Amino acid sequence: MSSTTLPPSAAPLTRWRQYTALTKPRVIQLIVFCALIGMLLAVPGVPGPHELGLALAASVGIGLVASAAAAFNCLIEQHIDARMKRTAWRPTARGDLSRGQALLFSAVLGSAGMVLLHQAVNPLTAWLTFGTFVGYAVVYTVILKPLTPQNIVIGGASGAMPPLLGWTAMTGEVSPEAVGLFLIIFLWTPPHFWALALYRAEDYARAGLPMLPVTHGSEFTRLQILLYTIVLVPATLLPFIQGLSGLPYLFAALVLGALFIARAWKLWRGYSELLARKTFRFSIWHLSLLFGALLIDHYLRPWL
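Residues numbered from 1 in each chain as written. Predicted model: local features only at pLDDT ≥ 70, side-chain atom pairs only at ≥ 80, totals over all residues. Heavy atoms only, no water.

Draft legend 1. Highlighting helix α2 (residues 25-42). The terminal C-alpha atoms of α2, which comprises 18 residues, lie 26 Å apart, in line with the 26 Å expected from a rise of 1.5 Å per residue. Most of α2 is tucked away: 13 of the 18 residues are buried. (Helix = DSSP H or I, 4+ residues; strand = E, 2+ residues; numbered from the N terminus. Expected span 1.5 Å × (residues − 1). Buried < 20%, exposed > 50% of the residue type's maximum accessible area, 1.4 Å probe, protein only.)

Draft legend 2. Expanded view of the domain arrangement of the chain. Parsing the chain into structural domains produces domain 1 (14-174) and domain 2 (175-303). On a C-alpha basis, the centres of domain 1 and domain 2 stand 21 Å from each other. Roughly 3200 Å² of surface becomes buried between domain 1 and domain 2 when both sides are summed, with 75% attributable to carbon and sulfur atoms. Between domain 1 and domain 2 we count zero salt bridges in total. Viewed at the interface, domain 2 and domain 1 are joined by four residue pairs in polar contact (both at pLDDT 80 or more). Among the elements of the structure, α2, α8 (151-159) and α9 (162-171) are those that each provide at least two residues to the side of domain 1 that touches domain 2. Its residues placed into classes, the side of domain 1 that touches domain 2 shows 24 nonpolar, seven polar and five charged. (Domains from an automatic or database assignment. Buried area = accessible area lost by both parts, 1.4 Å probe. Salt bridge = Lys/Arg side-chain N within 4 Å of Asp/Glu carboxyl O. Polar contact = N/O pair within 3.5 Å; in protein donor to acceptor, adjacent residues only side chain to side chain. Nonpolar A, V, L, I, M, F, W, Y, C, P; charged D, E, K, R; others polar.)

Draft legend 3. Representation of the nonpolar core. Phe193, Trp194 and Tyr204 are the most contacted members of the largest nonpolar core, which totals 92 residues. Per-element tally for this core: the top contributor is helix α10 (residues 176-199), with 14 residues. When residues of this core are assigned to domains, at least three fall in each of domain 1 (14-174) and domain 2 (175-303). Discounting chain neighbours no more than four positions away, the residues touching Tyr204 are Met84, Arg86, Phe193, Leu196, Ala197, Leu209, Met211 and Val214. (Core = buried A, V, L, I, M, F, W, Y, C linked by side-chain atoms within 4.5 Å. Contact = heavy atoms within 4.5 Å.)

Draft legend 4. The arrangement of the pattern of salt bridges in detail. With the rule as written, the count across this model stands at five salt bridges. Among the ionic pairs, Arg94 bridges to Asp96, the shortest N-O distance being 3.0 Å. A salt bridge links Glu273 to Arg277, with the nearest nitrogen and oxygen atoms 3.0 Å apart. In this pair, Glu273 and Arg277 both sit in helix α15 (residues 273-300), four residues apart, roughly one turn of the helix.

Draft legend 5. Up close: the packing of aromatic side chains. For the structure on display, the rule yields 11 aromatic pairs. Ring geometry for Tyr19 against Phe105: centres 4.8 Å apart, planes inclined by 50 degrees, an arrangement best described as tilted. Of this pair, Tyr19 sits in helix α1 (residues 15-22) while Phe105 sits in helix α6 (residues 99-121), placing them 86 residues apart in sequence. Taken together, a centroid distance of 6.5 Å and an interplanar angle of 75 degrees make the contact between Tyr199 and Phe280 edge-to-face. Here the residue Tyr199 occupies a position in helix α10, and Phe280 occupies one in helix α15, the gap between them amounting to 81 residues. Each member of the pair, Tyr199 as well as Phe280, carries the same accessibility label: buried. Members of the aromatic cluster, joined through ring pairs, are Phe72, Trp127, Phe130 and Phe133. The side chain of Arg263 reaches across the aromatic face of Phe282, ending 4.2 Å from its centre. (Phe/Tyr/Trp six-rings, centres within 6.5 Å; stacked < 30°, edge-to-face > 60°. Lys NZ or Arg CZ within 6 Å of the ring centre and 35° of its normal.)

This is the structure:
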């Protein structure tokens, strides 16, 4: 998953805010939110004290490991971030934090998260979360991102893991329902990210990164956004097909999907930076409202 982080500031950040910025807080909020949805959906009815305690431990653990991955990403991409307007303000890019400080911070967060998940949740969730860390921090950041314009498609698997991790935290197993939630975010990630990449193409070109708008141009990228959005809509119906949700969610998924396709269609027909920004912002609302509708449906079903 990708999103915007804290806005750049002309004034130097305090030490606390420097370390906080490394974790990409807004991204982490979305990750924990999606994981929490997976946790609540995995529990029939209203969670009891045990389930709530487990959900709290899992949320903190997943958040810590995700924060460690974000900090490691900032460390690896220090020189790339320094060449991009969107990221030049980051503490590692500005040299406010050394590579050693960023590495130690990432290691402490990741270790704490892993211990918490392994001891207070279950080993399966801990190791799947560690695999997600490796997938994002190493496979995507180090290998895929600088080598292929399909980096976000392949690397998107890591960003799609949060609801599956939440599900395994509560059940100790990977179920078809959890895989369905994973697939939704996996297919949502390319149109979400490419909408951002469209209006940041010059930044990525300056940094030497082979993002799709840089290697294949705006028109091809806009077509891919439209196609992925169209494929995404049937995937969002999986919870209904699998019996995980009912008609309220189905209605919400169809409406949100139609709105997303309409924006992608408009963007494909004619590009403007404003339209790309609106599509990017709507993609965040789309995922948030979609998972929110899943949760509301989950607790409404006994009364319908």
